Amino acid sequence: MHRLVISMKLVIFGPPSAGKGTQAQRLSHQYGIPQVSTGDLLRKAVADKTPLGLKVKSYLDQGKLGPDNLIVQLIKERVSKPDCKNGYLLDGFPRTMGQAKELEKMTDIDLVLNIVVDFEVLVERAVGRRTCPKCSAVYHVKFNPPMNEGICEKCGSQLIQRDDDKEETVRNRLKVYQEQTEPLIEYYRRKGKLVDIDGSGGIDAVFGRMVSMVDKLK
Ligand code: AP5
């Protein structure tokens, strides 16, 4: 498959279950830059029972945001790794104004892709999501099922349902998003860095819309 390597720093923005991770994995392949997902990094820390994982577990379980200082430190460490030298795709960061200001001190972002989806659609996407605990691939029981039910197509692991994908927790995550994260849309829009991406329709259609925006950066 065609793989184009160029240098860019992108943010994939949007409410819980908008499709950030799904699209970030595809964009990462398309442009040859790594996906940096705070959600994946935090879930791994929890699974590995690292000191960070022990501190953030209760936040994830309740659908609340982890403390800014811990999250910013996590991102700084991740983007200083060699695979990020040609840029990266931030998925799930920044999520508060404090995180956005810290990011600004660290680097210049080229573009924020804001996925726009109706809230009721989000609940259906979250509740039907299945993920691979090993390689973080994302599926959906109805919209994007794996070839063999319950098995990751990429690495053969047994798929799981995330603990925070219960309907009640999803609704709480949506509330937290509205209160703490949504204000960043206007912040980046005023800076002329944000484009809205219609997140309705299938995964391929959304991906096409994203690529047409990112390609304008070249
Ligand atoms: P995180 O993992 O980032 O969760 P999130 O933002 O709630 O996003 P999701 O992973 O739920 O969804 P997504 O937008 O990636 O959608 P996906 O592609 O999977 O964070 C989890 C927790 O970690 C937070 O609650 C918080 O506690 C903590 N945290 C993380 N970052 C933090 C930060 N910066 N600060 C503080 N705390 C932080 O798609 C969803 C489903 O829909 C899938 O099943 C997929 O197959 C399907 N789908 C995708 N696109 C489509 C489509 N176009 N049509 C149909 N189905 C689709």
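Residues numbered from 1 in each chain as written. Predicted model: local features only at pLDDT ≥ 70, side-chain atom pairs only at ≥ 80, totals over all residues. Heavy atoms only, no water.

K.L.:
For this particular structure, what's the right way to read the layout of surface pockets?
P.N.:
To find leftover empty space, a probe the size of one water molecule is rolled over the atoms. Put simply, the second largest pocket is a space of about 260 Å³. If you go around the second largest pocket, you meet 13 residues; those closest to its centre are Leu41, Leu52, Leu74, Glu77 and Lys81. Elements supplying a minimum of two residues to the lining of the second largest pocket: helix H2 (38-47) and helix H4 (68-79). The leading source of residues in the lining of the second largest pocket is H4, at 6 residues. Each residue belonging to the lining of the second largest pocket can be placed in one class, and the counts come to 5 nonpolar, 3 polar and 5 charged. (1 Å grid on protein atoms, 1.4 Å probe; cavity = no way out; pocket = protein on both sides within 12 Å on 5 of 7 lines; lining within 4 Å. Points joined across faces, edges and corners; volume = space filled by probe spheres on them. Helix = DSSP H or I, 4+ residues; strand = E, 2+ residues; numbered from the N terminus. Nonpolar A, V, L, I, M, F, W, Y, C, P; charged D, E, K, R; others polar.)

K.L.:
Is there a simple way to explain the site of the ligand in this structure?
P.N.:
Close to the ligand lie 36 residues, the nearest being Thr22, Lys64, Arg95, Arg129 and Arg173. Between the ligand and Tyr139, the relevant distance is 2.6 Å, taken from an oxygen atom to a main-chain nitrogen or oxygen of the residue. At 2.5 Å, a side-chain N or O of Arg173 approaches an oxygen atom of the ligand. Contributing elements (two or more residues each) for the shell around the ligand: helix H1 (20-31), H2, helix H3 (51-62), strand S6 (138-140) and helix H9 (203-214). Take the shell around the ligand: its biggest share by element is 4 residues, from H2. For the shell around the ligand, a count of residues per class yields 14 nonpolar, 13 polar and 9 charged. (Near = heavy atom within 4 Å. Polar contact = N/O pair within 3.5 Å; in protein donor to acceptor, adjacent residues only side chain to side chain.)

K.L.:
Sorry if this is basic, but what is going on with the side chain of Asp164 here?
P.N.:
Along the chain, Asp164 falls in the loop between S6 and helix H7 (167-181). Reaching out from Asp164, the side chain makes a polar contact with the side chain of Arg162 at a distance of 3.0 Å. If near-sequence neighbours (up to four positions away) are discounted, Asp164 is found in contact with Leu60, Thr169, Val170 and Arg173. (Contact = heavy atoms within 4.5 Å.)

K.L.:
Looking at this structure, I do not really get the sheet that holds strand S4 (residues 111-116). What am I missing?
P.N.:
Across a sheet, paired strands are connected by hydrogen bonds in the backbone, their directions being either parallel or antiparallel. The parallel open sheet is built from 5 strands, whose spatial order is S2-S3-S1-S4-S7. Each edge of the open sheet carries a strand with a single partner, namely strand S2 (35-37) and strand S7 (194-198). For this sheet, the mean inter-axis angle between neighbouring strands, taken without regard to orientation, is 25 degrees. In terms of strand pairing, S2 meets strand S3 (residues 87-91) through 3 bridges, oriented parallel. The residue of S3 that forms the bridge with Val36 is Leu90. (Pairing = 2+ DSSP bridges. Axes fitted to C-alpha atoms, helices over the stretch in contact; angles between N-to-C directions.)

K.L.:
Can you walk me through unusual backbone geometry in this structure?
P.N.:
Residue Pro94 is bonded to the preceding Phe93 through a cis peptide linkage, with omega at 0 degrees. Checked against the element boundaries, Pro94 lands in the loop between S3 and helix H5 (97-106). A positive phi is found at Ser136, a non-glycine position, where the angle reads about 70 degrees. Assessed through its relative accessible area of 23%, Ser136 is described here as partly exposed. (Buried < 20%, exposed > 50% of the residue type's maximum accessible area, 1.4 Å probe, protein only.)

K.L.:
Can you walk me through the packing of aromatic side chains in this structure?
P.N.:
We describe a pair of aromatic rings using the distance from one ring centre to the other and the angle between the two ring planes. The tally for this structure, following the rule as stated, stands at 2 aromatic pairs. Taken together, a centroid distance of 6.4 Å and an interplanar angle of 55 degrees make the contact between Phe13 and Tyr177 tilted. Of this pair, Phe13 sits in strand S1 (residues 8-13) while Tyr177 is found in helix H7, placing the two residues 164 residues apart along the sequence. For the pair Phe13 and Tyr177, a shared accessibility class is recorded, and that class is buried. Centre to centre, the rings of Tyr187 and Tyr188 are 5.2 Å apart; their planes meet at 75 degrees, and the pair counts as edge-to-face. Neither Tyr187 nor Tyr188 differs from the other in exposure class; each is buried. Seen from the ring of Phe207, Arg26 lies directly overhead, with NZ or CZ sitting 5.7 Å from the centre. (Phe/Tyr/Trp six-rings, centres within 6.5 Å; stacked < 30°, edge-to-face > 60°. Lys NZ or Arg CZ within 6 Å of the ring centre and 35° of its normal.)

It is worth stressing that arrangement in space is one thing and function is another; only the former is reported here.
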